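Spelled out from the first residue to the last, the chains are:
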Amino acid sequence: GSGPPGRGWKFAQTHMPALLAKADALGVNNYAAGLFNFFSDPARITELRAYGKASLPPAAAKAIEKAADEISFRAEFKKRLAEQIAHLTESAQPRG
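Thresholds, definitions, all that
Residues numbered from 1 in each chain as written. Predicted model: local features only at pLDDT ≥ 70, side-chain atom pairs only at ≥ 80, totals over all residues. Heavy atoms only, no water. Buried < 20%, exposed > 50% of the residue type's maximum accessible area, 1.4 Å probe, protein only. Helix = DSSP H or I, 4+ residues; strand = E, 2+ residues; numbered from the N terminus. Arc of directions from axis to C-beta. Contact = heavy atoms within 4.5 Å. Axes fitted to C-alpha atoms, helices over the stretch in contact; angles between N-to-C directions. Parallel < 35°, antiparallel > 145°, perpendicular 65-115°, else oblique. Nonpolar A, V, L, I, M, F, W, Y, C, P; charged D, E, K, R; others polar. Phe/Tyr/Trp six-rings, centres within 6.5 Å; stacked < 30°, edge-to-face > 60°.

## Things to note about helix H2 (residues 25–34)
Here comes step 1: All of the buried residues along H2 are Val28, Asn29, Ala32 and Ala33. Down the axis of H2, the smallest arc covering the buried residues is 120°, so these residues share one side.
Here comes step 2: Close packing links the buried residues of H2 with helix H1 (3–21), helix H3 (43–55) and helix H4 (61–92).

Here it is in structure tokens:
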């Protein structure tokens, strides 16, 4: 879903030149990738990589891949957690 992280990313995309103008070189390379810290939807990985390729310097590639890896981890963790909760819920149902 979009929610607050999605709205933040939309805002940042719209205002990225002004936001990056206030950052140092290291900040420029990490800023956009850092905005993806709260996503767990694997589709965001494709979006981040495409944005990075089109709009960020090559030096940002490491930060983008790190963020992509973190999104992937959170997506897998969320999936496993949902499966475990579903299993616990099913096993807690009274049998009659």
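## Quick notes on the packing of H1 against H2
In a pair of packed helices, the angle between the axes and the distance between the axes together describe the arrangement.
Here comes step 1: Packing of H1 against H2 leaves a shortest axis separation of 11 Å and a crossing angle of 175°. Judged by the inter-axis angle, H1 sits roughly antiparallel to H2. On H2, the residues touching Trp9, Met16, Leu19 and Leu20 of H1 are Val28, Tyr31 and Ala32.
Here comes step 2: A per-class count over the contact of H1 with H2 returns seven nonpolar, no polar and no charged.

## A word on the packing of aromatic side chains
Here comes step 1: This model, assessed by the stated rule, comprises four aromatic pairs.
Here comes step 2: Consider the rings of Trp9 and Phe36, whose centres lie 4.7 Å apart with planes at 65°: the pair is edge-to-face. Taken as a pair, Trp9 in helix H1 and Phe36 in the loop between H2 and H3 lie far apart in primary sequence, 27 residues in all.
Here comes step 3: According to the relative accessible area criterion, Trp9 is buried, its value standing at 1%.
Here comes step 4: Assessed through its relative accessible area of 0%, Phe36 is described here as buried.
Here comes step 5: Both rings, one in Phe73 and one in Phe77, keep their centres 6.1 Å apart while their planes meet at 15°; by these two values the pair is stacked.

All we've got here are geometric facts, nothing functional implied.
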